[in-house]
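Listed below are the residues making up each chain.
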Number of protein chains: 4
Amino acid sequence: MLKVGIVGGTGYTGVELLRILSQHPGVRITAITSRKEAGLPVADMYPSLRGRVDLAFTTPDEARLAECDVVFFATPHGVAMAQARELLAAGVKIIDLAADFRLKDTAEFEKWYGMPHTCPDILGEAVYGLPELNREAIRGARIVGNPGCYPTSVQLGFAPLLRTPGLVDASHLIANCASGVSGAGRKAEVATLFSEAADNFKAYGVKGHRHGPEINQQLRAVAGHADVHCLFVPHLIPAIRGIHSTLYARLTPQGQEADLQKLFEDCYRGEPFVDVMPAGSAPETRSVRASNIVRIAVHRPMPDLAMVLVVEDNLTKGASGQAVQCMNLMCGLDETAGLMFVPVLP
Amino acid sequence: MLKVGIVGGTGYTGVELLRILSQHPGVRITAITSRKEAGLPVADMYPSLRGRVDLAFTTPDEARLAECDVVFFATPHGVAMAQARELLAAGVKIIDLAADFRLKDTAEFEKWYGMPHTCPDILGEAVYGLPELNREAIRGARIVGNPGCYPTSVQLGFAPLLRTPGLVDASHLIANCASGVSGAGRKAEVATLFSEAADNFKAYGVKGHRHGPEINQQLRAVAGHADVHCLFVPHLIPAIRGIHSTLYARLTPQGQEADLQKLFEDCYRGEPFVDVMPAGSAPETRSVRASNIVRIAVHRPMPDLAMVLVVEDNLTKGASGQAVQCMNLMCGLDETAGLMFVPVLP
Amino acid sequence: MLKVGIVGGTGYTGVELLRILSQHPGVRITAITSRKEAGLPVADMYPSLRGRVDLAFTTPDEARLAECDVVFFATPHGVAMAQARELLAAGVKIIDLAADFRLKDTAEFEKWYGMPHTCPDILGEAVYGLPELNREAIRGARIVGNPGCYPTSVQLGFAPLLRTPGLVDASHLIANCASGVSGAGRKAEVATLFSEAADNFKAYGVKGHRHGPEINQQLRAVAGHADVHCLFVPHLIPAIRGIHSTLYARLTPQGQEADLQKLFEDCYRGEPFVDVMPAGSAPETRSVRASNIVRIAVHRPMPDLAMVLVVEDNLTKGASGQAVQCMNLMCGLDETAGLMFVPVLP
Amino acid sequence: MLKVGIVGGTGYTGVELLRILSQHPGVRITAITSRKEAGLPVADMYPSLRGRVDLAFTTPDEARLAECDVVFFATPHGVAMAQARELLAAGVKIIDLAADFRLKDTAEFEKWYGMPHTCPDILGEAVYGLPELNREAIRGARIVGNPGCYPTSVQLGFAPLLRTPGLVDASHLIANCASGVSGAGRKAEVATLFSEAADNFKAYGVKGHRHGPEINQQLRAVAGHADVHCLFVPHLIPAIRGIHSTLYARLTPQGQEADLQKLFEDCYRGEPFVDVMPAGSAPETRSVRASNIVRIAVHRPMPDLAMVLVVEDNLTKGASGQAVQCMNLMCGLDETAGLMFVPVLP
């Protein structure tokens, strides 16, 4: 059994990690930390875990994280950065669900996250944790930067179009995305109150969103060149979970010759968590609710335009499920262990 | 035109006051204060008011409230108390939407609101602002304590049963109520985040809720004796607006002889904002959405049990609409002026 | 592996059965029938099951249900009744999620469900499938009438108070309940459209609801006498899943002496799916979302009044999860097999 | 007072017409028809109208529509077409909220609406009822085809960019839109049940939606040439009301020189129902809830890309409010009469 620690388990990615890991056959959760809630039984904060998770939150000092095989950081940005060196030295594998190890360019990190990056060497070693595009690197990684929720869906949706050179005009991609409110986390804020977010819809982050540079960095990696520019426009859905991405790319003459459906099916054949739907489909966010699955449908609504529809659960494949998928890979477990739960519908 | 000031207009009762007063034919809003947001145009905080409310928030000092005819306090508890004496001395009428002037017993106030009551003399003068039960006193009032949202529906539902002595066992009334989330106000709190309150239902305040003593004080006033005890159990609906009260009272043998439907219709005949529905009805909260109407249906599901169903919009009849109704009465306007807007359905 | 058939799998209890059974370690689903959708792959109707359920709907004739070990009826009322005799004769165990085998009095059945009962002998044999109150009978049953969603929560909430004689006035119980909209099923109806049910709250069935006689029949069985009368008042929550019951019972002098918290804890000690929460708790429906758990809190808000709060997921413990729990018992499997999934929160 | 009739008042556009017209100072509703509900008081179907609308539904025969000044058709497609000739002959003005008089090409109409167009001559006379783009023609019209909900927002968002020739590549416009569920009407359908549409998000109509040809017809009219092609992709928001359109257009070199903010402000200066928001804004659907206002924000997120965000209430400016705005123009009333109600927020 893997010994697993969670740093900062009071947020939504924390409770989702606990939901998944408490049902994982190969894992024992040994510690979950929260400075603020130290001493509180986890199930007192999350009654959904009563009888299933007996741990109490502990201070980081009491947590003996160095004795874990793997530590997840479900913390605000900046926390993993501060503790990574010590844990790595102790032989602990690290998976950071925040952004500390996503952006390779420290200047970009500092610009978007408002803090200096304190361990660029570890950043250099860290692997971007999107298994479908980066599986082998993750297997060998000591530290993984778990992808952002939006970037996961945007990358998986555009990747088949970008991997083959010359199919689309990569300089003008559009990712028109929408997320449930849990993507904003469990912070007390007016903007995500029920009475603000319910029965409402809006774009946000219209002057620039942190996931924009992450998306572009990774799409460039997929395409293998730097002339990729994706406009990312997030919107807020009055729903708890779920991300829906509507992606647009202009097809080149070469791209117009391609069989897009086949391109996508070939790209994801055998992937346990990516479902390429039949031609003409429109995936719903609820079809992946509380699961680690991404569903994708590709369309060609104008002769020279590809449209890709992608859905995922932002807390599962968009965060904690993907983190466990990375853990499975890093630790030599079956990649799907503990992750095959069926979506909850309705 | 009445000159009207609003102290503390950044919350939901504030914006609802603005919605109503900006369409009121006999009113000019001259000031709206917020220490924190002073200088900010109101419409920048509430884009729904763009083009309709041109005011900016001001500090209380700049607001010249003493020149107003009426001042509404849409503030946290305790604010009206601190400013009432000076305004009354200047001849300004006051309507407090918070709880400073609801509970007549200062000890009860201090127990439930955690602060001493600093002007018991003004409290003694203040009139409880529920027009259907207290119209004449409101007409003559200089200062009104506007009722709580739940107490409005509970009082209007029980009043016909309590006004005639001997119909029910008043010592064991049950008010099983449910409110939309806007009743909790526009404060940044985890418990009322969308991701906490959506797709969920729960009781709350089960160890005692502030509206309990208010309900009991007023039901005793209606009944004309002290042997009234109402259990008040609030629940949280995943909806923005709306209160639904399901009220239970055991009927005495005398009560079992009564024609309850007729009792209710007689009680509220001619009331512009109370709709006694036909026998057998089940009112919906949406049937009064964004209106000043209360709908009531009375049932007798067991021979010796009365059940009353009441709906209101917690922000309108349960707060700001009722406050404007009081203003109309206090200032000699038609009671319905500015308040006849039709509910928004769907 | 048990061979399991599902008759009528197109509704919400059907898809919930599929979600549960497709992850159950001891079961193989061999057939799922729908006359209307025969030929359609189940996953085409419910994309959440893509890759997990490969079956297509079949006609009842093709389904070879007689070869199953267990058959679930997730059908409209009346269907199980028509097919039970033949299946029982073939040695198939039956679990009916509709109401055909709940009410023991055929006159009551005919009154509330508008059809004659065609097999009163089988009805006589059928066991009411609430394991916490009826476990041994279920173990030995060939045919189980699976409880209604509301009755499950009301019985589990009142049972500890009724089992010991003389604690409460059983002649005037009140069950003030609320359910998510999925309880109404997947039928095309105006009343349960999103635009009708969202941002709304109402009582319904105020002239009498089918679950009323079921509740009273079973509470009488629990109490062991006929002088039990429970008023049942359902309300509609704008949420997909979840039932919340707020139960009221007047305590006798003897009842006022009892330690209610201990009474409940003793009653449900060791029950894998009933969680008696600490004194003072208010359970939330989301704390059991998509799980087979019931959470209960008992209060005494007035000296002679008990209030019990109960939450369950209407589709899981209130329907399909409970049915699988019964199957486990009937077939000698571990009662919790396939049912230990952790609630989905948020 | 205008005498106004409504044909087919049982749907959402019907009840919204009733909400608006019952508060309109210059109108008397004389008849509202429904074959199916003839005899039923309108307020029995819509309790929100109790005390405000005293009419009962009548059969078309009893309705004496020929005596009206104006008749609104809030009916399924095809009904207005069948009755228009007779009413026009009687001197009645007609506003059709369905699609009978929107598409000028009868072949397109037949393709998308599945029925032949029976009065092409009247279609030729009919005026497209979008006042901001077509005011003078509406003033003189006898019959108006009221725009679709989506097309209203898409046209108002793209118009400033298309009116000046050469600013954008009009051959590849993208309208990524989202609508609340009330846009689907009050029909009993599984797809719009609460349990299907809540906590969910999806694209729909991905193989082509009826509003696509309407959008393209009208954008061509605005641009003054035929080389306009707009891809229209609708999505379903789990909200009752509200449309949000996110529009994309590639800017030509000339367009990149333009001051887009000024372009939009100039275009809509003085319009009572169009609010061009400050640069950098992201309008919310709730900021126009239950009002006749459209809010627009224009952005330039890439040097050669314009993005326009538009919100409207689909039932008000997207249907019934716009219809009343047209009525005001056709009948010589103040264009804003009865339409200045402030949005309901929260």
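Residues numbered from 1 in each chain as written. Chains lettered and ligands numbered in written order. Predicted model: local features only at pLDDT ≥ 70, side-chain atom pairs only at ≥ 80, totals over all residues. Heavy atoms only, no water.

**Student:** Just checking my understanding: could you explain the overall build of chain A for this structure?
**Tutor:** Regarding its fold elements, chain A presents 12 helices and 13 strands. On C-alpha atoms alone, chain A measures out to a radius of gyration of 20 Å, which is about the 20 Å that the 2.2 N^0.38 rule sets for 346 residues. Taken along the three principal axes of its C-alpha coordinates, chain A extends 60 × 45 × 40 Å. Counting every position in chain A, which comprises 346 residues, the buried fraction comes to 67%. (Helix = DSSP H or I, 4+ residues; strand = E, 2+ residues; numbered from the N terminus. Rg over C-alpha atoms; globule rule 2.2 N^0.38 Å. Buried < 20%, exposed > 50% of the residue type's maximum accessible area, 1.4 Å probe, protein only.)

**Student:** Hey, could you run me through the UniProt feature "active site" (unreviewed entry) in chain A in this one?
**Tutor:** Residues and elements named next belong to chain A. In the numbering adopted here, UniProt assigns the feature "active site" (unreviewed entry) to Cys-149. Relative to the elements of secondary structure, Cys-149 occurs in helix α7 (residues 149-163). Look at Cys-149 and you get buried, because its relative accessible area is 14%. Leave out the neighbours within four places in its chain, and Cys-149 touches His-211, Ile-243, Glu-312, Asn-314 and Gly-318. (UniProt positions renumbered as here; feature names shortened; annotations may be inferred. Contact = heavy atoms within 4.5 Å.)

**Student:** Is there a simple way to explain the interface of chain A and chain C in this structure?
**Tutor:** For interface size, the figure often reported is the accessible area lost on association. Residue-level contacts link 31 residues of chain A with 31 residues of chain C. Buried surface at the junction of chain A and chain C, both sides included, amounts to about 2800 Å², of which 60% is carbon and sulfur. Asp275(A) is the partner of Arg50(C) in a salt bridge, and the nearest nitrogen-oxygen pair spans 2.6 Å. One can count 14 residue pairs in polar contact (both at pLDDT 80 or more) joining chain A with chain C. Of all the secondary-structure elements, those providing two or more residues to the side of chain A that touches chain C are α1 (12-21) and β11 (274-276) of chain A. Considering every element that reaches the side of chain A that touches chain C, the biggest residue donor is α1(A), with three residues. Of the residues assigned to the side of chain A that touches chain C, the class counts are 19 nonpolar, five polar and seven charged. (Buried area = accessible area lost by both parts, 1.4 Å probe. Salt bridge = Lys/Arg side-chain N within 4 Å of Asp/Glu carboxyl O. Polar contact = N/O pair within 3.5 Å; in protein donor to acceptor, adjacent residues only side chain to side chain. Nonpolar A, V, L, I, M, F, W, Y, C, P; charged D, E, K, R; others polar.)

**Student:** Looking at this structure, I do not really get the sheet that holds strand β11 (residues 274-276) of chain C. What am I missing?
**Tutor:** To summarise the sheet geometry, strands pair through backbone hydrogen bonds and adopt either a parallel or an antiparallel arrangement. All names here are of chain C. Spatially, β8-β9-β7-β10-β13-β12-β11 is the arrangement adopted by the seven strands of the open sheet, whose pairing is mixed. Pairing within the sheet leaves two strands with one partner each, and these edge strands are β8 (202-203) and β11. Pairing of β8 with strand β9 (residues 230-236), which is carried by two bridges, proceeds in the antiparallel orientation. What sits directly across from Ala-203, in β9, is His-235. Docked against the sheet, helix α7 (residues 149-163) engages β7 (173-179), β9, β10 (243-250), β12 (294-302) and β13 (305-312), running at close to 35 degrees with respect to β10. (Pairing = 2+ DSSP bridges. Axes fitted to C-alpha atoms, helices over the stretch in contact; angles between N-to-C directions.)

**Student:** Just checking my understanding: could you explain helix α3 (residues 79-89) of chain D for this structure?
**Tutor:** For the α-helix, the turn length of 3.6 residues means that residues three or four positions removed from each other point alike. Residues and elements named next belong to chain D. Where α3 is concerned, the buried positions are Ala-80, Met-81, Ala-84, Leu-87 and Leu-88. What you see down the axis of α3 is that its buried residues fit within an arc of 130 degrees, all on one side. Projecting away from the buried face of α3 at angles above 90 degrees are the exposed residues Ala-82, Glu-86 and Ala-89. If you follow the buried residues of α3, they end up packed against β3 (70-73), β4 (93-96), α4 (106-113), α5 (120-125) and β6 (143-145). In the segment just after α3, Gly-91 is the residue with positive phi, at about 85 degrees. (Arc of directions from axis to C-beta.)

**Student:** What is the right way to look at the packing of aromatic side chains in this model?
**Tutor:** What describes a pair of aromatic rings is the distance from one ring centre to the other and the angle between the planes of the rings. Residue and element names in this part refer to chain A. What the rule picks out here adds up to 12 aromatic pairs over all chains. With a centroid separation of 5.2 Å and an interplanar angle of 20 degrees, the aromatic rings of Phe-109 and Tyr-113 are classed as stacked. Placement of the pair is Phe-109 and Tyr-113 together in helix α4 (residues 106-113), with a separation of four residues, close to one helical turn. Each member of the pair Phe-109 and Tyr-113 is classed as buried. (Phe/Tyr/Trp six-rings, centres within 6.5 Å; stacked < 30°, edge-to-face > 60°.)

**Student:** Even after reading the chapter, I still don't get the UniProt feature "domain: Semialdehyde dehydrogenase NAD-binding" (unreviewed entry) in chain A, so can you show me in this structure?
**Tutor:** Following the UniProt record, the feature "domain: Semialdehyde dehydrogenase NAD-binding" (unreviewed entry) maps to residues 3-141 of chain A here. A distance of 17 Å separates the end C-alpha atoms of residues 3-141 of chain A, which is 35% helix and 16% strand.

**Student:** I'm lost on the relation of the copies chain A and chain C in this one. Help?
**Tutor:** Two chain copies, one operation linking them: a rotation about an axis together with a shift along it. Mapping chain A onto chain C is achieved by rotating through 180 degrees and translating by 0.0 Å along the same axis, at an RMSD of 0.0 Å. Taken together, the rotation and translation relating the two chain copies correspond to the operation of a two-fold axis. Of the C-alpha atoms belonging to chain A, the one lying closest to the rotation axis is found on Asp199(A), 4.0 Å away. Residue by residue, 100% of the interface of chain A is reproduced at the interface of chain C, so both copies engage with the same surface. (Least-squares fit on C-alpha atoms with pLDDT ≥ 70 in both.)

**Student:** What is the right way to read the domain arrangement of chain A from this model?
**Tutor:** All names here are of chain A. Considered domain by domain, chain A is made up of domain 1 (2-125) and domain 2 (150-314). Across the contact, 15 residues belong to domain 1 and 12 residues belong to domain 2. For the pairing of domain 1 and domain 2, the buried interface totals around 1200 Å² over both sides, and the portion due to carbon and sulfur atoms is 52%. Broken down residue by residue, the surface that domain 1 buries against domain 2 is led by Tyr-12, Arg-102 and Trp-112, which jointly contribute 46%. Along the contact surface separating domain 1 from domain 2 lie two salt bridges. (Domains from an automatic or database assignment.)

**Student:** What am I meant to see in the pairing of strand β13 (residues 305-312) of chain B here?
**Tutor:** Looking down a regular strand, the side chains alternate between one sheet face and the other. Residues and elements named next belong to chain B. Of all eight residues that make up β13, eight are buried, and the element is covered over most of its length. On β13, burial covers both faces: Leu-305, Met-307, Leu-309 and Val-311 on one face and Ala-306, Val-308, Val-310 and Glu-312 on the other are all buried. Summarising the sheet, strand β10 (residues 243-250) and β13 pair through eight bridges and their orientation is antiparallel. Each residue of the ladder has a partner; that of Ser-245, found in β13, is Val-310. Taken together, the six bridges between strand β12 (residues 294-302) and β13 define a ladder with antiparallel strand orientation. Among the inter-strand pairings, His-299 is bridged to a residue of β13, identified as Met-307. Connecting β12 to the antiparallel partner β13 that follows it, the hairpin turn spans two residues.

**Student:** Looking at this structure, I do not really get the relation of the copies chain B and chain C. What am I missing?
**Tutor:** Overlaying chain B on chain C yields an RMSD of 0.0 Å, the required transformation being a rotation through 180 degrees with an accompanying axial translation of 0.0 Å. A share of 100% of the interface residues of chain B reappears at the interface of chain C, consistent with the copies meeting face to face through the same patch.

**Student:** Hey, could you run me through the interface of chain B and chain C in this one?
**Tutor:** Of the residues lining the interface, 45 residues belong to chain B; the matching set on chain C comes to 45 residues. Roughly 3700 Å² is buried in total at the junction of chain B and chain C, and carbon and sulfur atoms are behind 58% of that figure. Applying the counting rule to chain B against chain C returns six salt bridges. Salt-bridge contacts for Lys202(B) lead to Glu284(C); the nearest nitrogen and oxygen are separated by 3.9 Å. Between chain B and chain C we count 22 residue pairs in polar contact (both at pLDDT 80 or more) in total. When contributions to the side of chain B that touches chain C are tallied by element, the ones reaching two or more residues are β7 (173-179), α8 (194-197), β8 (202-203), β9 (230-236), β10, β12 and β13 of chain B. Here the side of chain B that touches chain C gets four residues from one element, more than from any other, and that element is β10(B). Across the side of chain B that touches chain C, the residue classes break down as 21 nonpolar, 13 polar and 11 charged.

**Student:** Looking at this structure, how should I read the sheet that holds strand β11 (residues 274-276) of chain D?
**Tutor:** Residues and elements named next belong to chain D. Pairing within the open sheet is mixed, and its seven strands lie in the order β8-β9-β7-β10-β13-β12-β11. Unpaired on one side and paired on the other, β8 (202-203) and β11 mark the two borders of the sheet. Summarising the sheet, strand β7 (residues 173-179) and strand β10 (residues 243-250) pair through six bridges and their orientation is antiparallel. Each residue of the ladder has a partner; that of Ala-178, found in β10, is His-244. Set on the sheet, helix α7 (residues 149-163) makes contact with β7, β9 (230-236), β10, β12 (294-302) and β13 (305-312); between it and β10 the angle comes to about 35 degrees.

**Student:** Even after reading the chapter, I still don't get the packing of helix α6 (residues 131-139) of chain B against helix α12 (residues 316-330) of chain B, so can you show me in this structure?
**Tutor:** Helix packing for two helices is described by the angle between their axes and how far apart those axes are. Residue and element names in this part refer to chain B. Direction vectors running N to C along α6 and α12 enclose 35 degrees, while the axes themselves pass 9 Å from each other. Of the two possible hands of crossing, α6 and α12 adopt the one that is right-handed. Within the contact between the two elements, α6 uses Pro-131, Glu-132, Arg-135, Ile-138 and Arg-139 and α12 uses Lys-317, Gln-322, Gln-325, Cys-326, Leu-329 and Met-330. Of the residues contributing to the contact of α6 with α12, the split by class is five nonpolar, two polar and four charged. (Left-handed = near helix turned anticlockwise from the far one by under 90°.)

**Student:** Explain the side chain of Ser179(C) to me, please; I cannot follow it from the model alone.
**Tutor:** Following the sequence through the fold, Ser179(C) ends up in strand β7. With sequence-adjacent residues up to four places away left out, Ser179(C) is seen in contact with Tyr150(C), Tyr204(C), His235(C), Leu236(C), Ile237(C), Gly242(C), Ile243(C) and Asn314(C).

**Student:** Hey, could you run me through the packing of helix α7 (residues 149-163) of chain B against helix α11 (residues 260-268) of chain B in this one?
**Tutor:** Residues and elements named next belong to chain B. Between α7 and α11, the least distance of the axes is 10 Å, while the angle of their chain directions is 110 degrees. Judged by the inter-axis angle, α7 sits roughly perpendicular to α11. Contacts between α7 and α11 involve Gln-155, Leu-156, Gly-157, Ala-159, Pro-160, Leu-161 and Arg-163 on the former and, on the latter, Leu-260, Leu-263, Phe-264, Cys-267 and Tyr-268. The residue makeup of the contact of α7 with α11, split by class, is nine nonpolar, two polar and one charged. (Parallel < 35°, antiparallel > 145°, perpendicular 65-115°, else oblique.)

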